[in-house]
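Coordinate analysis (summary)
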Amino acid sequence: MVETKTILRALAGEVLPTPPVWMMRQAGRYLPEYRATREKAGDFLSLCYTPDLAAEVTLQPIRRFGFDAAILFADILLVPQALGADLWFVTGEGPRLSTVTGKADLARLKTVPDIHETLGPVYETLKILTGELPKETTLIGFAGAPWTVATYMIAGRGTPDQGPAHKLRMEDPATFDALMDLLTAATIEYLSAQIEAGAEVVKLFDSWAGSLKGDAFDKYALAPARTIITALKARHPAIPVIAFPREAGQNYIGFAKATGADCVALDNSVSAEWAAENVQRDGCVQGNLAPGHMVTGGQALIDESRRIVKAFSKGPHIFNLGHGITPDADPANVQLMIDTVRGG
Ligand code: CP3
């Protein structure tokens, strides 16, 4: 059978004349239809846990823009919640969680098989989506990488420098390592269940990988990604994995080979020309337009999009932003990006 889904073709290593395109946070507050559905759900977490509405917001950017991939609507912090952490979102500020700062907090968490109780609705969302997506659209599932999820669990919130997590890993490595092992095991089960429910690709978001340097990067970003990808490949060999060790810099080099990822997603702190030479030579890359262009638009958006397409044109490439689109973005700029990528 000839594969009709362009994302799957790029992930298999094919060099396409036009790169497939999707966007991190493509379902989100910059879209009026998202805001309306979120209102209907009441709050963000209710939206994540109501399969009909979560499927609806996943589909909204596909209907409006015709992206080549749909990403499951959920959040990386549902896993800590499924493990028994308290989780809530403060409007205008972000997530808050009960903290893990020592052995006693760890002991209060649940075990890996328990996660499915809370995460059942997420699998239900994927099942709905498999029946609703256009046949050319790839369905992407995802999870946070252990380090990034641990940074939120340890601090109880987002932090600019991940200070509390670095402190715990240095001062109480036994607790820190046990938390990382728990998250690694939970992530394997969570992503496996997503694949069984219909995800055709999975992506591992390590948004705070950039604050890990030297050996710490290998130990807490690279090694867990390798463990997770190895386990997933053993169970689901045909399912491609995208890894996003954001702001890894030089550590992007060789990351795909070392972890078994089929594609490395690039943030916009590295140039496309550098990444084409140093990262794309090992396989597919995804990225890396600066999200700010979705706010500012104009000729700079066109020029930058063309530059990225050209830089990556000799190898497999999935066009995307370097990080999530922000709530102040203009949907018209998203359309302009897509038209530029598809129209040259
Ligand atoms: O990309 C998508 O469209 C799929 C859904 C998705 C969301 N979050 C929805 C969301 C995905 C893949 C994520 C991943 C996620 N969540 C990450 C990793 C990627 C990244 O952005 O670095 C992280 C670190 C989180 C944790 C998280 N969730 C934070 C820090 C926040 C608050 C910041 C903010 O933008 O408000 C969220 C909330 C969140 N997750 C929103 C959405 C659409 C906004 C919530 C709302 O509607 O109010």
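Residues numbered from 1 in each chain as written. Predicted model: local features only at pLDDT ≥ 70, side-chain atom pairs only at ≥ 80, totals over all residues. Heavy atoms only, no water.

Below, the discussion takes up unusual backbone geometry. Going from Gly287 to Asn288, the amide bond is cis rather than trans, its omega being -15 degrees. The residue Asn288 is located in strand β8 (residues 284-289) in this model. One non-glycine residue, Gln162, lies in the positive phi region at around 55 degrees. Relative to the helices and strands, Gln162 is located in the loop between α8 (146-155) and α9 (163-171). Phi is positive for Glu247, close to 60 degrees, though the residue is something other than glycine. Tracing the chain through its elements places Glu247 in the loop between β6 (241-245) and α12 (255-259). Look at Glu247 and you get partly exposed, because its relative accessible area is 43%. (Helix = DSSP H or I, 4+ residues; strand = E, 2+ residues; numbered from the N terminus. Buried < 20%, exposed > 50% of the residue type's maximum accessible area, 1.4 Å probe, protein only.)

Attention now goes to the packing of α8 against helix α10 (residues 173-196). Closest axis-to-axis distance for the α8/α10 pair is 9 Å, and the angle between their directions is 125 degrees. In terms of orientation, α8 and α10 fall into the oblique class. Read as a crossing pair, α8 and α10 show a hand that is right-handed. The residues of α10 that touch α8, namely those facing Pro146, Trp147, Val149, Ala150, Met153 and Ile154, are Phe176, Leu179, Met180, Leu183 and Thr184. Looking at the contact of α8 with α10 residue by residue, the class counts come to 10 nonpolar, one polar and no charged. (Axes fitted to C-alpha atoms, helices over the stretch in contact; angles between N-to-C directions. Parallel < 35°, antiparallel > 145°, perpendicular 65-115°, else oblique. Left-handed = near helix turned anticlockwise from the far one by under 90°. Contact = heavy atoms within 4.5 Å. Nonpolar A, V, L, I, M, F, W, Y, C, P; charged D, E, K, R; others polar.)

Attention shifts here to the packing of aromatic side chains. Tallying each qualifying case throughout the model produces 10 aromatic pairs. Where Phe176 meets Tyr220, the ring centres are 4.9 Å apart and the plane angle is 85 degrees; that geometry is what we call edge-to-face. Highlighted residues: Phe176 in helix α10 and Tyr220 in helix α11 (residues 214-235), separated in sequence by 44 residues. Geometrically, the ring pair formed by Phe217 and Phe255 is edge-to-face, given 5.9 Å between the ring centres and 65 degrees between the ring planes. In this pair, Phe217 is assigned in helix α11 and Phe255 in helix α12, connecting sequence segments 38 residues apart. Ring pairing ties together the aromatic residues Tyr34, Phe44, Phe73 and Phe89, which thus form one cluster. Sitting over the face of the ring of Phe244, Lys203 holds its NZ or CZ atom 4.8 Å from the ring centroid. (Phe/Tyr/Trp six-rings, centres within 6.5 Å; stacked < 30°, edge-to-face > 60°. Lys NZ or Arg CZ within 6 Å of the ring centre and 35° of its normal.)

Read across the sheet, seven strands follow the order β1-β4-β5-β6-β7-β8-β9 without closing on themselves; strand pairing throughout is parallel. Because the sheet does not close on itself, it has two edges, and the strands there are β1 (69-71) and β9 (317-321). With strand direction ignored, the average angle separating the axes of adjacent strands in the sheet is 25 degrees. In the sheet, strand β4 (residues 138-144) pairs with strand β5 (residues 201-206) via five bridges, with the strands oriented parallel. Counterpart to Ala143 in the pairing with β5 is Leu204. (Pairing = 2+ DSSP bridges.)

Moving on, we come to α8. The periodicity of an α-helix, 3.6 residues per turn, causes residues three or four places apart in sequence to face the same way. Most of α8 is tucked away, with 10 of its 10 residues classed as buried. Taken from the residues just after α8, Gly156 is the one with a positive phi, measuring 80 degrees.

Packed helices, taken two at a time, are described by the angle between their axes plus the distance between the axes. Closest axis-to-axis distance for the helix α2 (residues 32-41)/helix α4 (residues 51-65) pair is 10 Å, and the angle between their directions is 170 degrees. In terms of axis orientation, α2 runs roughly antiparallel to α4. Together, Pro32, Glu33, Tyr34, Thr37, Lys40 and Ala41 of α2 and Leu53, Glu56, Val57, Gln60 and Arg64 of α4 make up the contact between the two elements. Among the residues forming the contact of α2 with α4, the class breakdown is five nonpolar, two polar and four charged.

It is worth spelling out the side chain of Arg169 at this point. By secondary structure assignment, the location of Arg169 is in helix α9. Among the polar contacts made by the side chain of Arg169, one reaches the side chain of His166 at a distance of 3.1 Å. Discounting chain neighbours no more than four positions away, the residues touching Arg169 are Trp147, Phe176, Leu212, Ala216 and Tyr220. (Polar contact = N/O pair within 3.5 Å; in protein donor to acceptor, adjacent residues only side chain to side chain.)

Turning our attention to the environment of Ile128. One can find Ile128 in helix α7 (residues 115-132). Spatially, the C-alpha atoms of Ile128 and Phe65 are 20 Å apart, while their sequence positions differ by 63 residues.

With that settled, consider the site of the ligand. Close contacts around the ligand come from 22 residues, with Arg29, Tyr34, Arg38, Ser207 and His323 the closest. Note that an oxygen atom of the ligand is positioned 2.5 Å from one of the side-chain N or O atoms of Tyr34. Between Asp75 and the ligand, the recorded distance is 2.7 Å, taken from a side-chain N or O atom to a nitrogen atom. Here the ligand, which alone exposes 870 Å², has 88% of that area covered by the protein. Of the residues assigned to the shell around the ligand, the class counts are 15 nonpolar, three polar and four charged. (Near = heavy atom within 4 Å. Areas by Shrake-Rupley, 256 points an atom, 1.4 Å probe, with all protein chains shown as cover.)

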